[in-house]
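The lines below spell out each chain.
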There are 2 protein chains.
Amino acid sequence: MTEMTRRQMLVGTAAAAVAAAVPLVQSSSARAAAPQFGKQAPGFYRYKLGSFEITVVTDGKSRVPITDAFVTNASQAEVKAALAAVFMDTETFFGPYNPIVVNTGANLAVIDTGNGEAAYLSTKGLNGQFLTNLAAAGIDANAVDTVIISHYHGDHINGLLKADNTLAFPNAKVLVPAPEHRYWMSDAEMSRAPSPRIDMLFKNVRRVISGEVLKRLHTYEWGEEVIPGISAVGTPGQSPGHTSHVVASGNSKVFVHGDVTHAPYLFVRNPGWHPFYDHDPVQSEVTRRKVLEMLANEKMLVQGYHFPFPGVAHIEKTATGYREVPIQWDPQI
Amino acid sequence: MTEMTRRQMLVGTAAAAVAAAVPLVQSSSARAAAPQFGKQAPGFYRYKLGSFEITVVTDGKSRVPITDAFVTNASQAEVKAALAAVFMDTETFFGPYNPIVVNTGANLAVIDTGNGEAAYLSTKGLNGQFLTNLAAAGIDANAVDTVIISHYHGDHINGLLKADNTLAFPNAKVLVPAPEHRYWMSDAEMSRAPSPRIDMLFKNVRRVISGEVLKRLHTYEWGEEVIPGISAVGTPGQSPGHTSHVVASGNSKVFVHGDVTHAPYLFVRNPGWHPFYDHDPVQSEVTRRKVLEMLANEKMLVQGYHFPFPGVAHIEKTATGYREVPIQWDPQI
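Keep in mind that what you see is a predicted model, and the values were worked out from it rather than measured.

A. Here's a closer look at the overall build of chain A. When its secondary structure is counted, chain A shows 11 helices and 16 strands. When its C-alpha atoms are laid out on the principal axes, chain A stretches across 80 × 45 × 45 Å. Here chain A holds 333 residues, and the buried ones make up 52% of them. Pairs at least 24 apart in sequence give 66% of the contacts found in chain A among residues at least 6 apart.

B. Main features of the sheet that holds strand S6 (residues 108-111) of chain A. All names here are of chain A. Across the sheet, seven strands lie side by side as S1-S2-S5-S6-S7-S8-S9; this open sheet has mixed pairing. If you trace the sheet from one side to the other, it starts and ends with strand S1 (44-49) and strand S9 (217-220), each paired once. Along the sheet, successive strands turn relative to each other by an average axial angle of 25 degrees, direction set aside. Across the sheet, helix H6 (residues 178-185) touches strand S8 (173-177) and S9, and the angle it forms with S8 is around 85 degrees.

C. Molecular detail of the sheet that holds strand S6 (residues 108-111) of chain B. Residues and elements named next belong to chain B. Spatially, S1-S2-S5-S6-S7-S8-S9 is the arrangement adopted by the seven strands of the open sheet, whose pairing is mixed. Each edge of the sheet is formed by a strand with only one pairing partner; in this case those strands are strand S1 (44-49) and strand S9 (217-220). The sheet shows a mean angle of 25 degrees between the axes of neighbouring strands, direction not considered. With three bridges connecting them, strand S7 (residues 146-148) and strand S8 (residues 173-177) associate as parallel partners. Within the sheet, the bridge partner assigned to isoleucine 148 lies in S8 and is leucine 175. The sheet strands contacting helix H6 (residues 178-185) are S8 and S9, and the helix crosses S8 at an angle near 85 degrees.

D. Local environment of the confidence of the model for chain A. All names here are of chain A. Of the residues in chain A, 90% have a pLDDT of 70 or more, and the chain-wide mean is 92. Here residues 1-30 is modelled with pLDDT under 50, and outside its nearest four sequence neighbours on either side it reaches 61 contacts, counting other chains as well. Interface predicted TM-score (ipTM) for the complex: 0.91; the corresponding pTM is 0.92.

E. Fine view of the pairing of strand S16 (residues 322-326) of chain B. Residues and elements named next belong to chain B. Burial along S16 is one-sided: the face carrying Tyr322, Glu324 and Pro326 is buried and the face carrying Arg323 and Val325 is not. Bridge analysis of strand S15 (residues 312-317) against S16 gives five bridges, and the strand direction is antiparallel. Pairing of lysine 317 across the sheet is with tyrosine 322, part of S16.

F. Main features of the environment of lysine 317 of chain B. Residue and element names in this part refer to chain B. Assignment of secondary structure puts lysine 317 in strand S15. Lysine 317 sits in the partly exposed class, given 13 other C-beta atoms within 10 Å. Lysine 317 sits 105 residues away from glutamate 212 along the chain, and the two C-alpha atoms are 45 Å apart. Residues contacting lysine 317, with those up to four places away along its chain left out, are Ala296 and Tyr322.

G. The arrangement of helix H11 (residues 281-298) of chain B in detail. Residues and elements named next belong to chain B. With 18 residues, H11 extends 25 Å between its outermost C-alpha atoms, agreeing within 8% with the 26 Å of an ideal straight helix rising 1.5 Å per residue. Of all the positions in H11, only Pro281, Ser284, Thr287, Arg288, Val291, Leu292 and Leu295 are classed as buried. Seen from one end, H11 has its buried residues packed into an arc of 125 degrees, which puts them on one side. Within H11, the exposed residues directed more than 90 degrees away from the buried face are Val282 and Asn297. Where the residues of H11 are buried, they touch strand S13 (252-256), helix H10 (264-267), strand S14 (301-303), S15 and S16.

H. Representation of the environment of proline 35 of chain B within the structure. All names here are of chain B. Structurally, proline 35 is set in the loop between helix H1 (6-9) and S1. Take proline 35: there are 12 C-beta atoms within 10 Å of it, and that puts it in the exposed class. Note: C-alpha distance between proline 35 and methionine 200 (165 residues apart in sequence) is 43 Å.

I. Structural view of unusual backbone geometry. Residues and elements named next belong to chain A. Along the chain, phenylalanine 309 connects to proline 310 via a cis peptide bond; the corresponding omega equals 5 degrees. Position of proline 310 relative to the elements: it lies in the loop between strand S14 (301-303) and strand S15 (312-317). The phi angle at lysine 299 is positive, at roughly 50 degrees, despite the residue not being glycine. Look at lysine 299 and you get exposed, because 11 C-beta atoms sit within 10 Å.

J. The pairing of strand S2 (residues 52-57) of chain B, seen in detail. Residues and elements named next belong to chain B. Most of S2 is tucked away, with six of its six residues classed as buried. Covered by surrounding structure in S2 are Phe52, Ile54 and Val56 together with Glu53, Thr55 and Val57, the residues of both alternating faces. Looking at chain direction, S1 and S2 are connected through six bridges and run antiparallel. Each residue of the ladder has a partner; that of leucine 49, found in S2, is phenylalanine 52. Where S2 meets strand S5 (residues 100-103), four bridges bridge the pair, whose relative direction is antiparallel.

K. Geometry of H6 of chain B. Residue and element names in this part refer to chain B. In terms of residue burial, H6 counts as a mostly covered element, since six of its eight residues are buried. All of the buried residues along H6 are Ala178, Pro179, Glu180, His181, Tyr183 and Trp184. Looking at the packing, one finds that the buried side of H6 touches S8, helix H7 (187-191), helix H8 (196-208), S9 and strand S12 (243-249).

L. Examining the environment of serine 244 of chain B more closely. Residues and elements named next belong to chain B. Within the fold, serine 244 resides in strand S12. Between the alpha carbons of serine 244 and isoleucine 230 there is a distance of 9.9 Å; along the sequence they are 14 residues apart. With residues near it in sequence (within four places) discarded, serine 244 still touches Ser150, Val233, Thr235, Phe255, Val256, His257, Gly258 and Val260.

Rules used in this analysis
Residues numbered from 1 in each chain as written. Chains lettered and ligands numbered in written order. Predicted model: local features only at pLDDT ≥ 70, side-chain atom pairs only at ≥ 80, totals over all residues. Helix = DSSP H or I, 4+ residues; strand = E, 2+ residues; numbered from the N terminus. Buried ≥ 20, exposed ≤ 12 C-beta atoms within 10 Å, placed from the backbone. Contact = placed C-beta atoms within 7 Å. Pairing = 2+ DSSP bridges. Axes fitted to C-alpha atoms, helices over the stretch in contact; angles between N-to-C directions. pLDDT = per-residue confidence, 0-100. Expected span 1.5 Å × (residues − 1). Arc of directions from axis to C-beta.

Here is the structure:
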């Protein structure tokens, strides 16, 4: 039996057909193949958590050039080496967004809303996909009764509004972390915004958290159960009131950790790295290390907003930090 | 600002609402949430390879109890430890199936066909999902002009037939590896089948590779370009004529490696382990080590039939073997 050789393994189009014993009818048929789609599958993924059903729905991805500013306390070369280690593009960072829908049987709750329909139009579908993928998942935005917000960055709240500024979830209460709301709605805090970037975030918050959204808004405190089965956990740093959520049903739990860590192959593996968007990088690192340590010790499932879709993983300890272990896509739930 | 405590992180339903400052309207509304789906998303995933478009379409998964027989040269305890290390069930192995569709612009080719529609009915959808997910991906089985088979195990060929034994891809040529075809169609080989399991495989091959399938069948040799852009590479061991395929377009290549390694967290990480289904475990290990070494050295993309869906990964070397590095799901291609 012929064994595979390197030449055979890497055989290209030119070197082909040398050993043909039975002639194949090559594609000389008149018709061409079906047209290509040029479009990704609508990304959604379901899993059971006790009696709850969770649907992760991708909102798309960002594209950010890697510069020295991307991680404030690691060099561009270190960041690029970390990206190369996972075979990713080292020039442009590609960060996904994973809002989720929790069907508890009593509530249909969305946690974070993506970049919004306006972004879908302006980015030509790069992100802002949440509403279209939600529809592909068979979920009616009008049936959502609760939207839970982790924090007030645009990629989490902008999806509250459609492109025409009407409500994306017209029948939903909007539940937001009280400390986050207090900070961003404070004119005093806005007047001392520490950077132009943060000043822009303030302006965006006041654009979105207004009008009809504000009428439906309720604040919740850390430690509170915001709806039955979903509890709020203070995880500040990324923003002053950044909040994670424990979703629990029966003996099953998932820690929906928002932006405690962004891309896991960067910030789970290097929990001491400070991404540029952290409001308080030192506090964020303290939070991140606590959460990762807890997740590893408890072997608790984590749902990461910026983890590779569908964003569900466990965390293991390593010699130098932690490592994400993504769940295997389950073709039957 | 309150910091997260362990108690807060693990707060359950009972301990909730202690810190509520603003009362939330709990889910006392009359209507219940929308019904749950209880069904996974139809799993398909697209990627570009040069000018080709590849769609990975899940056929579902197997369920196999972990016993001492599962890996013939490793203990049940070692296998269970490897499963526990990736947070998987240690009692039951769950192995996915990933047929792919390659649209080259000139051909619409399927590589391997899954367990078939009959299995879909008998397993209640656990596997045999290929045709339904293919339809969900917008691909018409009647438009497929070429089916390429890697080897003659049932989970790769049974999908050639529908439940009523008519052709699943009625307009397709069926291209099969000549050494594989010779082995399984040989009455002499069948008469000396080394085990009842292999004897059953012979019987299954002769059930499927007959009638209308046989009329459309062409054999190809290792080293041959089976259709423009797809070349055959001999990778024997798992079965006598087991074949991998290099799909190449422009400067891009993917090594469609069939069953060279089964579950990567077991057999990529432990390339010396012999899974029970290997026809010639020693030859299979030689093939596996060669392929993994080549993939790691060339940083070449691999498409794994039994890798976690969508089964696209790179291979890195480790101190003790290799490790799979799955690609990140790309929400926009």
